[in-house]
Amino acid sequence: MSQDLLHMRTAITLAKYALDHEETPVACIFVHSKLNKVIAYGMNGTNESISGISHAEFMGIKQIQEKYGTDPKIFSEIVLYVTVEPCIMCASALKQLGIKKVVFGCGNERFGGNGSILCIHNDTSTNKSNKYVSIPGVLRREAIMLLRYFYVRENDRAPKPRTKKDRKLDKETFPPLQWDKYLTLEEFEEEFGQEFRDAFYSHRDVYDEIDWDLIDTGCDERFLHDLIEQVQSVNCTY
Ligand SMILES: [Zn+2]
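Residues numbered from 1 in each chain as written. Predicted model: local features only at pLDDT ≥ 70, side-chain atom pairs only at ≥ 80, totals over all residues. Heavy atoms only, no water.

**Observations regarding helix H4 (residues 88-97)**
Judged by how many residues are buried, H4 sits mostly within the fold: seven of 10 residues are covered. Among the residues making up H4, those that are buried are Cys 90, Ala 91, Ser 92, Ala 93, Leu 94, Lys 95 and Leu 97. On the buried face of H4, the contacting elements are strand S1 (27-32), helix H3 (56-68), strand S3 (78-84) and strand S4 (101-106). Positive phi appears at Gly 98, one or two residues downstream of H4, with a value of about 80 degrees. (Buried < 20%, exposed > 50% of the residue type's maximum accessible area, 1.4 Å probe, protein only. Helix = DSSP H or I, 4+ residues; strand = E, 2+ residues; numbered from the N terminus. Contact = heavy atoms within 4.5 Å.)

Here's what the structure looks like:
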(Lines give C-alpha, C1' and ligand atoms only; values in the text may rest on other atoms or scores of the structure.)
Protein backbone atom coordinates (compact mmCIF):
# COMPACT_ATOMS: atom_id res chain seq x y z
CA MET A 1 0.00 0.00 0.00
CA SER A 2 2.73 2.49 0.84
CA GLN A 3 4.15 1.93 -2.65
CA ASP A 4 0.83 2.99 -4.13
CA LEU A 5 0.84 6.14 -2.02
CA LEU A 6 4.38 6.92 -3.05
CA HIS A 7 3.64 6.54 -6.75
CA MET A 8 0.43 8.53 -6.49
CA ARG A 9 2.34 11.32 -4.78
CA THR A 10 4.54 11.50 -7.89
CA ALA A 11 1.45 11.64 -10.12
CA ILE A 12 -0.08 14.40 -7.96
CA THR A 13 3.15 16.41 -8.08
CA LEU A 14 3.15 16.08 -11.86
CA ALA A 15 -0.48 17.24 -12.00
CA LYS A 16 0.53 20.26 -9.92
CA TYR A 17 3.25 20.92 -12.48
CA ALA A 18 0.58 20.80 -15.22
CA LEU A 19 -1.58 23.24 -13.23
CA ASP A 20 1.35 25.63 -12.90
CA HIS A 21 1.81 25.45 -16.67
CA GLU A 22 -1.73 26.39 -17.65
CA GLU A 23 -2.92 22.85 -18.27
CA THR A 24 -5.67 20.78 -16.72
CA PRO A 25 -4.17 19.20 -13.58
CA VAL A 26 -4.40 15.57 -14.60
CA ALA A 27 -1.23 13.47 -14.71
CA CYS A 28 -0.11 9.87 -14.59
CA ILE A 29 2.88 7.61 -14.28
CA PHE A 30 3.32 4.11 -15.67
CA VAL A 31 5.10 1.85 -13.20
CA HIS A 32 6.67 -1.45 -14.17
CA SER A 33 5.36 -3.65 -11.39
CA LYS A 34 8.27 -6.10 -11.22
CA LEU A 35 10.99 -3.46 -11.36
CA ASN A 36 8.92 -1.00 -9.31
CA LYS A 37 10.22 1.77 -11.57
CA VAL A 38 8.51 4.57 -13.46
CA ILE A 39 8.86 3.80 -17.17
CA ALA A 40 6.67 6.59 -18.57
CA TYR A 41 4.69 9.60 -17.49
CA GLY A 42 1.98 11.80 -18.88
CA MET A 43 0.30 15.13 -18.35
CA ASN A 44 -2.80 16.56 -19.89
CA GLY A 45 -1.73 18.57 -22.93
CA THR A 46 -5.01 19.55 -24.50
CA ASN A 47 -4.41 23.28 -24.20
CA GLU A 48 -0.93 23.29 -25.67
CA SER A 49 -1.72 20.84 -28.47
CA ILE A 50 -5.25 22.15 -29.05
CA SER A 51 -6.33 18.55 -29.33
CA GLY A 52 -9.15 16.98 -27.37
CA ILE A 53 -7.40 13.62 -27.29
CA SER A 54 -4.08 14.79 -25.75
CA HIS A 55 -4.84 13.10 -22.47
CA ALA A 56 -2.14 12.20 -19.96
CA GLU A 57 -2.51 8.47 -20.57
CA PHE A 58 -1.91 8.85 -24.32
CA MET A 59 1.32 10.75 -23.72
CA GLY A 60 2.62 7.89 -21.55
CA ILE A 61 1.48 5.19 -23.97
CA LYS A 62 3.33 6.98 -26.78
CA GLN A 63 6.53 7.13 -24.70
CA ILE A 64 6.35 3.38 -24.03
CA GLN A 65 5.68 2.48 -27.65
CA GLU A 66 8.48 4.71 -28.90
CA LYS A 67 10.97 3.10 -26.56
CA TYR A 68 9.79 -0.50 -26.46
CA GLY A 69 7.99 -0.88 -29.75
CA THR A 70 4.38 -1.73 -30.22
CA ASP A 71 4.67 -5.26 -28.81
CA PRO A 72 1.90 -5.04 -26.23
CA LYS A 73 3.41 -7.54 -23.78
CA ILE A 74 5.00 -4.86 -21.63
CA PHE A 75 1.60 -3.47 -20.65
CA SER A 76 0.71 -6.64 -18.78
CA GLU A 77 3.40 -5.67 -16.25
CA ILE A 78 2.35 -2.05 -15.90
CA VAL A 79 0.35 -0.40 -13.13
CA LEU A 80 -0.93 3.04 -14.09
CA TYR A 81 -1.23 5.72 -11.40
CA VAL A 82 -3.44 8.56 -12.58
CA THR A 83 -4.83 11.44 -10.55
CA VAL A 84 -8.28 11.32 -12.20
CA GLU A 85 -10.15 8.23 -13.37
CA PRO A 86 -9.39 7.49 -17.04
CA CYS A 87 -12.06 8.73 -19.43
CA ILE A 88 -13.95 6.25 -21.59
CA MET A 89 -11.49 6.71 -24.47
CA CYS A 90 -8.38 6.17 -22.33
CA ALA A 91 -9.95 3.30 -20.36
CA SER A 92 -10.61 1.57 -23.67
CA ALA A 93 -7.08 2.18 -24.99
CA LEU A 94 -5.60 0.79 -21.74
CA LYS A 95 -7.83 -2.27 -21.99
CA GLN A 96 -6.88 -3.00 -25.58
CA LEU A 97 -3.19 -2.70 -24.67
CA GLY A 98 -3.71 -5.15 -21.80
CA ILE A 99 -2.70 -3.01 -18.83
CA LYS A 100 -2.28 -4.91 -15.56
CA LYS A 101 -3.97 -2.48 -13.19
CA VAL A 102 -5.04 1.14 -12.75
CA VAL A 103 -4.91 3.15 -9.51
CA PHE A 104 -6.58 6.56 -9.53
CA GLY A 105 -7.36 9.45 -7.22
CA CYS A 106 -10.78 10.92 -7.90
CA GLY A 107 -13.59 9.78 -10.14
CA ASN A 108 -14.30 11.41 -13.49
CA GLU A 109 -17.96 12.28 -13.14
CA ARG A 110 -18.54 13.31 -16.73
CA PHE A 111 -16.42 10.91 -18.75
CA GLY A 112 -15.15 8.19 -16.40
CA GLY A 113 -14.58 4.81 -18.04
CA ASN A 114 -13.62 2.80 -14.96
CA GLY A 115 -16.96 2.86 -13.16
CA SER A 116 -18.27 6.43 -12.99
CA ILE A 117 -20.07 6.39 -16.34
CA LEU A 118 -19.06 3.14 -18.01
CA CYS A 119 -17.14 0.10 -16.75
CA ILE A 120 -14.77 -0.39 -19.69
CA HIS A 121 -12.18 -2.07 -17.42
CA ASN A 122 -14.38 -5.12 -16.96
CA ASP A 123 -16.91 -5.04 -19.76
CA THR A 124 -17.12 -7.66 -22.48
CA SER A 125 -17.31 -5.55 -25.64
CA THR A 126 -13.77 -4.10 -25.62
CA ASN A 127 -11.54 -7.18 -25.40
CA LYS A 128 -12.89 -9.20 -22.54
CA SER A 129 -9.68 -11.17 -22.09
CA ASN A 130 -7.97 -7.96 -20.92
CA LYS A 131 -10.11 -7.06 -17.91
CA TYR A 132 -8.21 -5.06 -15.33
CA VAL A 133 -8.74 -3.99 -11.75
CA SER A 134 -9.14 -0.26 -11.19
CA ILE A 135 -8.62 1.11 -7.68
CA PRO A 136 -10.13 4.50 -6.81
CA GLY A 137 -9.56 6.78 -3.85
CA VAL A 138 -5.77 7.00 -3.52
CA LEU A 139 -5.05 10.66 -2.66
CA ARG A 140 -8.54 11.47 -3.93
CA ARG A 141 -8.89 14.70 -2.00
CA GLU A 142 -5.60 16.05 -3.30
CA ALA A 143 -6.70 15.24 -6.87
CA ILE A 144 -10.04 16.98 -6.31
CA MET A 145 -8.37 20.05 -4.79
CA LEU A 146 -6.07 20.46 -7.81
CA LEU A 147 -9.13 20.42 -10.09
CA ARG A 148 -10.83 22.99 -7.85
CA TYR A 149 -7.75 25.22 -8.02
CA PHE A 150 -7.94 24.95 -11.79
CA TYR A 151 -11.63 25.81 -12.05
CA VAL A 152 -11.39 28.74 -9.67
CA ARG A 153 -8.58 30.09 -11.80
CA GLU A 154 -10.56 29.47 -15.00
CA ASN A 155 -13.48 31.38 -13.52
CA ASP A 156 -11.20 34.33 -12.84
CA ARG A 157 -10.57 34.58 -16.57
CA ALA A 158 -14.19 34.28 -17.58
CA PRO A 159 -15.40 37.38 -19.43
CA LYS A 160 -18.40 37.84 -17.16
CA PRO A 161 -17.58 37.90 -13.49
CA ARG A 162 -19.21 35.04 -11.65
CA THR A 163 -20.97 35.52 -8.39
CA LYS A 164 -18.78 35.33 -5.32
CA LYS A 165 -20.47 32.11 -4.30
CA ASP A 166 -19.38 30.36 -7.50
CA ARG A 167 -15.79 31.44 -7.11
CA LYS A 168 -15.38 30.38 -3.52
CA LEU A 169 -12.80 27.67 -3.17
CA ASP A 170 -14.23 24.81 -1.15
CA LYS A 171 -11.53 23.17 0.95
CA GLU A 172 -13.84 21.43 3.38
CA THR A 173 -16.42 19.26 1.70
CA PHE A 174 -15.86 16.24 -0.50
CA PRO A 175 -18.45 14.07 -2.19
CA PRO A 176 -18.93 10.53 -0.93
CA LEU A 177 -16.92 7.83 -2.67
CA GLN A 178 -19.20 5.10 -3.88
CA TRP A 179 -16.58 2.38 -3.94
CA ASP A 180 -18.84 -0.33 -5.32
CA LYS A 181 -19.18 1.53 -8.62
CA TYR A 182 -15.50 0.79 -9.26
CA LEU A 183 -14.54 -2.43 -7.54
CA THR A 184 -15.79 -5.35 -5.48
CA LEU A 185 -15.39 -5.57 -1.71
CA GLU A 186 -12.88 -8.35 -2.30
CA GLU A 187 -10.76 -6.13 -4.56
CA PHE A 188 -11.10 -3.28 -2.07
CA GLU A 189 -9.86 -5.41 0.81
CA GLU A 190 -6.99 -6.75 -1.20
CA GLU A 191 -5.87 -3.19 -1.85
CA PHE A 192 -6.55 -1.44 1.45
CA GLY A 193 -6.93 -4.23 4.00
CA GLN A 194 -9.94 -5.55 5.88
CA GLU A 195 -9.65 -2.88 8.56
CA PHE A 196 -11.02 -0.31 6.12
CA ARG A 197 -14.10 -2.36 5.23
CA ASP A 198 -16.30 0.18 6.99
CA ALA A 199 -15.13 2.90 4.57
CA PHE A 200 -16.31 0.74 1.66
CA TYR A 201 -19.86 0.55 2.96
CA SER A 202 -20.09 4.10 4.28
CA HIS A 203 -18.55 5.63 1.13
CA ARG A 204 -15.78 7.28 3.06
CA ASP A 205 -12.19 7.99 2.05
CA VAL A 206 -9.46 5.67 3.21
CA TYR A 207 -7.13 8.68 3.21
CA ASP A 208 -9.03 11.66 4.50
CA GLU A 209 -6.17 13.89 5.66
CA ILE A 210 -5.18 16.25 2.89
CA ASP A 211 -1.48 16.75 2.33
CA TRP A 212 -1.62 20.48 1.64
CA ASP A 213 2.14 20.72 1.21
CA LEU A 214 1.97 18.30 -1.68
CA ILE A 215 -0.53 20.36 -3.66
CA ASP A 216 0.36 23.88 -2.57
CA THR A 217 4.12 23.79 -2.96
CA GLY A 218 4.97 24.38 -6.57
CA CYS A 219 7.33 21.86 -8.07
CA ASP A 220 10.25 23.25 -10.01
CA GLU A 221 11.70 22.18 -13.32
CA ARG A 222 14.11 19.96 -11.40
CA PHE A 223 11.25 17.61 -10.49
CA LEU A 224 10.35 17.02 -14.13
CA HIS A 225 14.01 16.79 -15.08
CA ASP A 226 14.60 14.09 -12.45
CA LEU A 227 11.50 12.18 -13.50
CA ILE A 228 12.54 12.21 -17.16
CA GLU A 229 16.02 11.04 -16.19
CA GLN A 230 14.54 8.23 -14.13
CA VAL A 231 12.31 7.13 -17.02
CA GLN A 232 15.20 7.20 -19.46
CA SER A 233 17.51 5.20 -17.19
CA VAL A 234 15.13 2.24 -16.91
CA ASN A 235 15.41 -0.44 -19.50
CA CYS A 236 13.31 -3.51 -19.41
CA THR A 237 13.99 -5.88 -22.26
CA TYR A 238 11.15 -7.63 -23.96
ZN1 LIG B 1 -8.74 10.25 -21.38
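Right, picking up where we left off after that structure.
**Here we look at the packing of aromatic side chains**
One pass over the full model with this rule turns up eight aromatic pairs. Between Phe 104 and Tyr 182, the ring centres sit 5.5 Å apart and the planes meet at 75 degrees, which makes this aromatic pair edge-to-face. In this pair, Phe 104 is assigned in strand S4 and Tyr 182 in the loop between helix H6 (164-167) and helix H7 (185-192), connecting sequence segments 78 residues apart. Taking the relative accessible area as the measure of exposure, Phe 104 reaches 0% and is therefore buried. For the ring pair Trp 179 and Phe 188, a centre distance of 4.8 Å and an interplane angle of 75 degrees mean the geometry is edge-to-face. Neither residue differs from the other here; Trp 179 and Phe 188 are each classed as buried. Grouped by ring-pair contacts, the aromatic residues Trp 179, Phe 188, Phe 192, Phe 200, Tyr 201 and Tyr 207 constitute a single cluster. For Lys 171, the ring lying beneath its charged end belongs to Trp 212, and the centroid distance is 4.9 Å. (Phe/Tyr/Trp six-rings, centres within 6.5 Å; stacked < 30°, edge-to-face > 60°. Lys NZ or Arg CZ within 6 Å of the ring centre and 35° of its normal.)

**Some points on the nonpolar core**
Nonpolar side chains in soluble globular proteins tend to end up buried together. Formed by 74 residues in total, the largest nonpolar core has its most connected members in Leu 14, Phe 30, Ile 39, Ile 64 and Phe 188. Looking at this core, the element that brings in the most residues is helix H1 (residues 2-20), giving eight residues. (Core = buried A, V, L, I, M, F, W, Y, C linked by side-chain atoms within 4.5 Å.)

**Digging into H1**
Since the α-helix turns once every 3.6 residues, residues separated by three or four places project in the same direction. In a regular helix each residue adds 1.5 Å, so 19 residues correspond to 27 Å; H1 covers 27 Å between its end C-alpha atoms and thus fits that length. Looking at the residues trailing H1, positive phi occurs at Glu 22, about 60 degrees. (Expected span 1.5 Å × (residues − 1).)

**Details of the sheet that holds strand S2 (residues 37-43)**
Across the sheet, five strands lie side by side as S2-S1-S3-S4-S5; this open sheet has mixed pairing. Each edge of the open sheet carries a strand with a single partner, namely S2 and strand S5 (133-135). Each adjacent strand pair in this sheet contributes to an overall mean axis angle of 20 degrees, direction not counted. Across three bridges, S4 lies against S5 in parallel orientation. Considered in S5, the bridge of Val 103 is made with Ile 135. (Pairing = 2+ DSSP bridges. Axes fitted to C-alpha atoms, helices over the stretch in contact; angles between N-to-C directions.)

**Quick look at the environment of Phe 58**
Structurally, Phe 58 can be placed in helix H3. Considered as a pair, Phe 58 and Ser 129 are 71 residues apart in the sequence and their alpha carbons are 22 Å apart. Not counting the four nearest positions on each side in its chain, Phe 58 is found in contact with Ile 53, Met 89, Cys 90 and Ala 93.

**Examining the coordination of the zinc ion**
Note on the zinc ion: its protein donors are His 55 (ND1), Cys 87 (SG) and Cys 90 (SG). The metal-donor distances range over 2.0 to 2.3 Å. Of note, the zinc ion draws all its donor residues from one chain, in the sequence arrangement H-x31-C-x2-C. In this pair, His 55 is assigned in the loop between helix H2 (46-49) and H3 and Cys 90 in helix H4, connecting sequence segments 35 residues apart. Here His 55 matches Cys 90 in class, with each residue buried. (Donors = N, O, S within 2.8 Å, 3.2 Å for Na, K, Ca; no water.)

**Structural notes on the side chain of His 7**
Residue position: His 7 is located in helix H1. A relative accessible area of 7% places His 7 in the buried class. Beyond its immediate sequence surroundings of up to four residues, His 7 is in contact with Ile 29, Val 31, Asn 36 and Tyr 81.

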